[in-house]
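In case you want the letters, here they are:
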Amino acid sequence: MKFVIEHLSKSFEKKEVLKDISFTFDEGKIYGLLGRNGAGKTTLFNCLNRDIKTDSGSFYIDTDGVRREVTPDDIGYVLSTPTVPEFLTGREFLKFFMDINEKSIVNPKSIDEYFDEMSIDPEDRDKLLKDYSHGMKNKMQMLINIIAQPNILLLDEPLTSLDVVVAEEMKQLLRSLKQNRITIFSTHIMDLALDLCDEIVLLHHGELEVVEKTNLDSKEFKDKIIAALREEENE
Amino acid sequence: MNKTFKISFSLKNTYRVNGILFSLKQIPLLKRLLPTTLYRVKGLKIFANILSILWEIVSTFLVKFLYVFILVCGVGVLYKELPENGVFLHILLFLTIIGSFTNTNLFNPTKDKYYAMILMRMDAREYTLVNYIYYILKVVIGFLPFTVLFGMNRGVPLWFCLLLPLCIAGMKLFVAAITLWDYEKRGFGYNENKLSKYVWGAIALLLAVAYGLPALGFVLPTVVSMVVFFACIPLGAAGMTKVLNFRDYRAINQELLSDLTNQMDSTAQTQRIKQANEKKISADTSITSNRRGFEYLNELFIKRHRKILWNSTKKISYVCTFLIIGILMAAFLSPDLKPKINEIVITWLPYFVFIMYMLNRGTNFTQALFMNCDHSLLTYSFYKQPKFILRLFQIRLREIMKINAVPALVIGIGLALILYVTGGTNNPLNYVVLIVSILCMSLFFSIHYLTIYYLLQPYNAGTEMKSGTYKIILWATYFVCFYIMRLRMPILIFGVMTIVFCVLYSIVASILVYRLAPKTFRIRI
């Protein structure tokens, strides 16, 4: 499976945020999306998730040469600020989600098994989500996004505000999930990107570009990334 | 001093100008025409600047003109038996006393103060004094033409009319000085927008003295008013020295503006709205649901928001029942009222559009829906699948209709009863039309609010209201209902028109939602 973006562009009034993006993502890899503030990372995700209309271009899933449209259940989108329906308990949210997606969830497990996997404590499972801590909300959001096994997982700065333990758990989780899907992970933290991701992709000048790591140690690789991002200023 | 004045004036001007430009940018159609670089277009800036300066001049005089013309003279004319000059000075004196602590400028937390002293860290004492002196000058100059014009008209001698503005300013200065002195003694920071109940009591008392006493045929003798006013000049001079010598303006303003600091931060503001909405969620752990899928979601939502949805609708229904019984009792006790009531019921149906508008819980419902439910769920792609959006729309429409139908039925049946008891009508169809049309109005508002919510989804991820169109439609709804209230039409004509309109609207709205909502029901970016 490949996820292909072709000639995607998006402008806000006169500002061209994404111009003519073409890129192919391969299954089984975690892509680290780096870009400076305002480079358009979130805009790109919003376009892929169809939260905003694109001006032109298309994206599709290519399975052994057969193209098809990307449907909402192909995509899981985890936001940096976790949002969960505050009036439900963790268990109710999960039940609701599984109810309405029962056809698309392959090999469903019991609700408590899912909670165990995310290490959410039994006493928290029946609390209203509005009383969850930030980290727990984040786990809930992640859980909902991975149960349905989406083909493409978009993560917008998901680990930035988590404590070290939860962040480590999440990293492990993402690594364990990367088979059979495409994970695109946007972040500002270079070390995190280098540690977790298989490929580093830069978003600058409104275009996507892979940074090749060939034969570089991590220091040199970092310098190369910074240099590439800085280039922008000199134009 | 001069520089401080210039800076503070241009600061105030800049934000007024930007405010004007910002609001232009909120108007749906104009929004597209205006460039993002709007704020640097010279011509627009100059235009807005002229508006701003004109406003400064107009506000100096216009407000004082209206004040003297309406509150002092206009009301004063009503007391015909009393001496004109006595009434004029009596009312002016007591209103001036009220104004001296409710319109101080010094203790009014305004945005310009916040920008200048908190954000720009201007020298608090200098900034405050410069602006305060400017304010006092505006009081003197602004009042002068009108105390002369209206005072002489009321028989107050010219020399005293000329002194009156100074007396008013003097009273303000004197009270300001006392407040500052009080701050030094007790550390109490006065805020004219947050008055204690004692101060409100004092205002009520003074108003009663200002307007009530003359109604009872009593005013202060002209000489007494004049002496009190006159005393304000030396007192004001003493106050001025205090104001000029006071040191702790920064501390006073920090305290005064502390609330603004939170309000000005729009994310903190929206955060508060969000939290306020979360508080509406019932923490009752016994609430559960046996349903599945969206019915499950909906039932839990309704049950956990019972307080804001069903409880208020119940209260409204009780009050309506109570009022209807009251009217029925009145009709029984004094039968001569009957024809009058009967006539009202028959011709006042348009009035109920406004009443139904006021009673409708639609906006509460959609706000809670967004803040506590859709705000989060709309970030999940599964929730945005067209079939799910429409399924949930149906369920929600059913719920909001149920909630609003209860008071509507109470009112409809109650009105029909009143009509029957007070003499009935020659056309029995009137009863049916009455009940059905009131029910239709309630259904209309339910559909209306939910439809515009689904079609415009006005909030962004930070729960800020972003849609100008949405606001305009809400306002338009209000105005239309308000104007319909003035119509007087027989039940049959208006009722049938209402029913036809509501049915048509519902059909159109449903079609629009089915066609468009899967695309429009999104978090605003």
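Treat the numbers as computed from the prediction; the structure is a model and nothing was measured. Residue positions within a chain follow its written sequence, with the count starting from 1. Just so you know, chain letters begin at A and ligand numbers begin at 1, following the order they were written in. Per-residue local features are limited, in this predicted model, to residues with pLDDT of at least 70; the limit for side-chain atom pairs, both in listing and counting, is 80 or more; totals at the level of whole chains, interfaces and linings are taken over all residues. Hydrogen atoms and water are omitted, and side-chain values are computed over all heavy atoms in the structure.

1. Points about the overall build of chain B
- Only DSSP runs of H or I reaching four residues or more are called helices, and only runs of E reaching two or more are called strands; each is numbered from the N terminus. Within chain B, the secondary structure is distributed over 21 helices and 0 strands.
- With the C-alpha coordinates of chain B rotated into their principal frame, the extents come out at 75 × 65 × 50 Å.
- Exposed residues in this analysis have more than 50% of their type's maximum accessible area, buried residues have under 20%, and partly exposed residues fall in between, with area computed by a 1.4 Å probe over protein chains only. Looking at chain B residue by residue over its 525 residues, the buried ones come to 48%.
- The Shrake-Rupley method, run with a 1.4 Å probe, gives the accessible areas here. Residue values count only the displayed protein chains as cover. For chain B, the computed accessible surface area is about 26100 Å², with 70% contributed by carbon and sulfur atoms.
- One finds the centroid of the 55 positive side-chain charges in chain B at a distance of 9 Å from the centroid of its 22 negative side-chain charges. Positive: Lys, Arg. Negative: Asp, Glu. His and the chain ends are not part of the count. For this purpose, a charge sits on NZ of Lys, CZ of Arg, CG of Asp or CD of Glu.

2. What to know about the interface of chain B and chain A
- Whether two residues are in contact is decided by their heavy atoms: any pair within 4.5 Å suffices. With 35 residues of chain B in contact, the opposing surface of chain A contributes 32 residues.
- Here chain B meets chain A over a buried area of about 2900 Å², counting both sides, of which 59% is carbon and sulfur.
- The salt bridge definition used is simple: a Lys or Arg side-chain nitrogen within 4 Å of an Asp or Glu carboxyl oxygen. For the pair chain B and chain A, the interface holds 3 salt bridges.
- Here Asp99 of chain A ties to Arg292 of chain B by a salt bridge, and the two come within 3.1 Å at their closest N and O atoms.
- In protein, a polar contact means a hydrogen-donor-capable atom and an acceptor-capable atom, both N or O and within 3.5 Å, with residues adjacent in sequence counting only if both atoms are side-chain atoms; elsewhere, any N or O pair within 3.5 Å suffices. The interface formed by chain B and chain A contains 10 residue pairs in polar contact (both at pLDDT 80 or more). In this description, buried area is defined as the sum, over both parts, of the accessible area (probe of 1.4 Å) that is lost when the two are combined.

3. Side note on the domain arrangement of chain B
- When the domains of chain B are assigned, the result is domain 1 (60-263) and domain 2 (293-520).
- One C-alpha centre belongs to domain 1 of chain B, the other to domain 2 of chain B; they are set 46 Å apart. The start and end points of each domain follow an automatic or database-based domain assignment.

4. Quick notes on unusual backbone geometry
Residue and element names in this part refer to chain A.
- The backbone of His7 sits at a positive phi, close to 50 degrees, despite the residue not being glycine.
- For His7, the location among the structural elements is in strand β1 (residues 2-12).
- The partly exposed category is assigned to His7, whose relative accessible area is 46%.
- The phi dihedral of Asp20 is positive, around 50 degrees, even though this residue is not glycine.
- By secondary structure assignment, the location of Asp20 is in strand β2 (residues 15-26).
- The partly exposed category is assigned to Asp20, whose relative accessible area is 44%.

5. Some thoughts on the packing of aromatic side chains
Residue and element names in this part refer to chain B.
- Two rings belonging to Phe, Tyr or Trp (six-membered ring only in the last case) form a pair when the distance between their centres is within 6.5 Å. Interplanar angles under 30 degrees mark stacking, angles over 60 mark edge-to-face geometry, and anything in between is tilted. Considering all chains together, one arrives at 53 aromatic pairs over all chains under this definition.
- A ring pair is formed by Phe382 and Tyr383, whose centres lie 6.3 Å apart and whose planes are at 80 degrees; its orientation type is edge-to-face.
- Judged by its relative accessible area of 3%, Tyr383 is buried.
- Measuring from ring centre to ring centre gives 4.9 Å for Phe393 and Tyr454, while their planes differ by 75 degrees; the resulting arrangement is edge-to-face. You can see Phe393 sitting in helix α18 (residues 386-421) and its partner Tyr454 sitting in helix α19 (residues 429-456), a full 61 residues away along the chain.

6. Description of the pattern of salt bridges
Residue and element names in this part refer to chain A.
- Tallied over the entire structure, the rule returns 37 salt bridges over all chains.
- The partner of Lys178 in a salt bridge is Asp198, and the shortest N-O contact between them spans 3.1 Å. Taken together, the residues Lys178 in the loop between α5 (164-177) and β8 (182-186) and Asp198 in the loop between α6 (190-196) and β9 (199-204) connect sequence positions 20 residues apart.
- Relative accessible area serves as the criterion here: at 18%, Lys178 is assigned to the buried category.

7. Examining the packing of helix α6 (residues 124-153) of chain B against helix α10 (residues 249-256) of chain B
Residues and elements named next belong to chain B.
- The angle between two axes is taken between their N-to-C directions and runs from 0 to 180 degrees, where each axis is a line fitted to C-alpha atoms and a helix contributes only its stretch in contact. Contact geometry for α6 and α10: axes closest at 8 Å, N-to-C directions at 80 degrees. With respect to α10, the element α6 is oriented roughly perpendicular. Residue-level contacts link Ala124, Arg125, Thr128 and Leu129 of α6 to Tyr249, Arg250 and Asn253 of α10.
- Taken together, the residues of the contact of α6 with α10 break down into 3 nonpolar, 2 polar and 2 charged. The labels follow the angle: roughly parallel below 35 degrees, roughly antiparallel above 145, roughly perpendicular from 65 to 115, and oblique for the rest. Charged residues are taken to be Asp, Glu, Lys and Arg, nonpolar residues to be Ala, Val, Leu, Ile, Met, Phe, Trp, Tyr, Cys and Pro, and polar residues to be all remaining types, Gly included.

8. Some words on the pairing of strand β10 (residues 207-211) of chain A
Residue and element names in this part refer to chain A.
- By this definition, two strands are paired if DSSP reports at least two bridges between them. Examined bridge by bridge, β9 and β10 share 5 bridges and lie antiparallel to one another. For His204, the partnering residue across the bridge sits in β10 and is Glu207.
- If you look at the hairpin formed by β9 and β10, you'll find 2 residues sitting between the two strands, and His205 has a positive phi there, around 55 degrees.

9. Some points on the nonpolar core
- Ranked by size, the top nonpolar core spans 93 residues in total, and within it Phe93 of chain A together with Leu297 of chain B carry the most contacts.
- Per-element tally for this core: the top contributor is α18 of chain B, with 9 residues.
- Setting aside anything within four residues of it in sequence, one finds Leu297 of chain B in contact with Phe87, Leu88 and Phe96 of chain A together with Cys373, Leu377, Tyr383 and Leu392 of chain B.
- In plain words, nonpolar cores are sets of buried Ala, Val, Leu, Ile, Met, Phe, Trp, Tyr and Cys residues tied together by side-chain atoms within 4.5 Å. In this structure, Tyr127, Leu129, Leu195 and Leu206 of chain B belong to the second largest nonpolar core, which totals 67 residues.

10. A closer look at a nonpolar patch on the surface
- Exposure above 30% relative accessible area and the absence of a salt bridge qualify a residue for a patch, where like charges join within 9 Å and nonpolar side chains (Val, Leu, Ile, Met, Phe, Trp, Tyr) within 5 Å. On the surface, Trp55, Val58, Leu62, Val63, Leu66, Phe69, Ile70 and Leu71 of chain B cluster together into a nonpolar patch covering about 700 Å² of accessible area.
- Residue Trp55 of chain B is classed as partly exposed on the basis of its relative accessible area, which comes to 46%.

11. Regarding the environment of Ala461 of chain B
Residues and elements named next belong to chain B.
- Residue position: Ala461 is located in the loop between α19 and α20 (468-484).
- For the pair formed by Ala461 and Ile523, sequence separation is 62 residues and the distance between their alpha carbons is 6.1 Å.
- Those residues within four positions of Ala461 in sequence are excluded, and the remaining contacts are His375, Ile523 and Arg524.

12. Quick notes on the sheet that holds strand β5 (residues 66-69) of chain A
Residues and elements named next belong to chain A.
- The 4 strands lie next to each other as β2-β1-β4-β5, forming an open sheet whose pairing is antiparallel. Either end of the sheet is taken by a strand with one partner, and the two such strands are β2 and β5. Strand after strand, the sheet turns through a mean of 25 degrees between neighbouring axes, direction not considered.
- Pairing geometry for β1 and β2, over 8 bridges, is antiparallel. Bridged to Ser11 within β2 is Glu16.

13. Quick word on the environment of Gly170 of chain B
All names here are of chain B.
- Along the chain, the position of Gly170 falls in helix α7 (residues 158-186).
- In sequence terms Gly170 and Val140 are 30 residues apart; their C-alpha atoms lie 9.6 Å from each other.
- Those residues in contact with Gly170 that lie beyond four places of it in its chain are Cys232 and Gly236.

14. Structural notes on the side chain of Glu92 of chain A
- Here Glu92 of chain A is to be found in helix α2 (residues 90-100).
- Each residue touching Glu92 of chain A, except ones within four places of it in the same chain, is listed here: Phe87 of chain A together with Ile287, Tyr296, Leu300 and Arg304 of chain B.

15. Re the sheet that holds strand β7 (residues 152-156) of chain A
Residue and element names in this part refer to chain A.
- Read across the sheet, 6 strands follow the order β6-β7-β8-β3-β9-β10 without closing on themselves; strand pairing throughout is mixed. Two strands lie at the open edges of the sheet, namely β6 (75-78) and β10, each paired on one side alone. Strand-to-strand, the axes of this sheet are offset by a mean angle of 20 degrees, without reference to chain direction.
- Direction of pairing for β6 relative to β7: parallel, over a ladder of 4 bridges. Residue Tyr77 lies in a different strand from β7, and its bridge partner there is Leu154.
- Sitting on the sheet, helix α4 (residues 134-147) is in contact with β6 and β7, with an inclination near 175 degrees to β6.

16. Re α2 of chain A
- Most of α2 of chain A sits out of view: 9 of its 11 residues are buried.
- Buried residues of α2 of chain A: Gly90, Glu92, Phe93, Leu94, Phe96, Phe97, Met98, Asp99 and Ile100 of chain A, and no others.
- Elements in contact with the buried residues of α2 of chain A: α3 (111-117) and α4 of chain A together with α13 (293-304), α17 (362-377) and α18 of chain B.

17. Concerning the environment of Gly239 of chain B
Residue and element names in this part refer to chain B.
- On the secondary structure map, Gly239 appears in helix α9 (residues 222-245).
- Taking the C-alpha atoms as reference points, Gly239 and Met497, 258 residues apart in sequence, are found 66 Å from one another.
- Residues in contact with Gly239, not counting those within four places in the same chain, are Leu173, Phe174 and Ala177.

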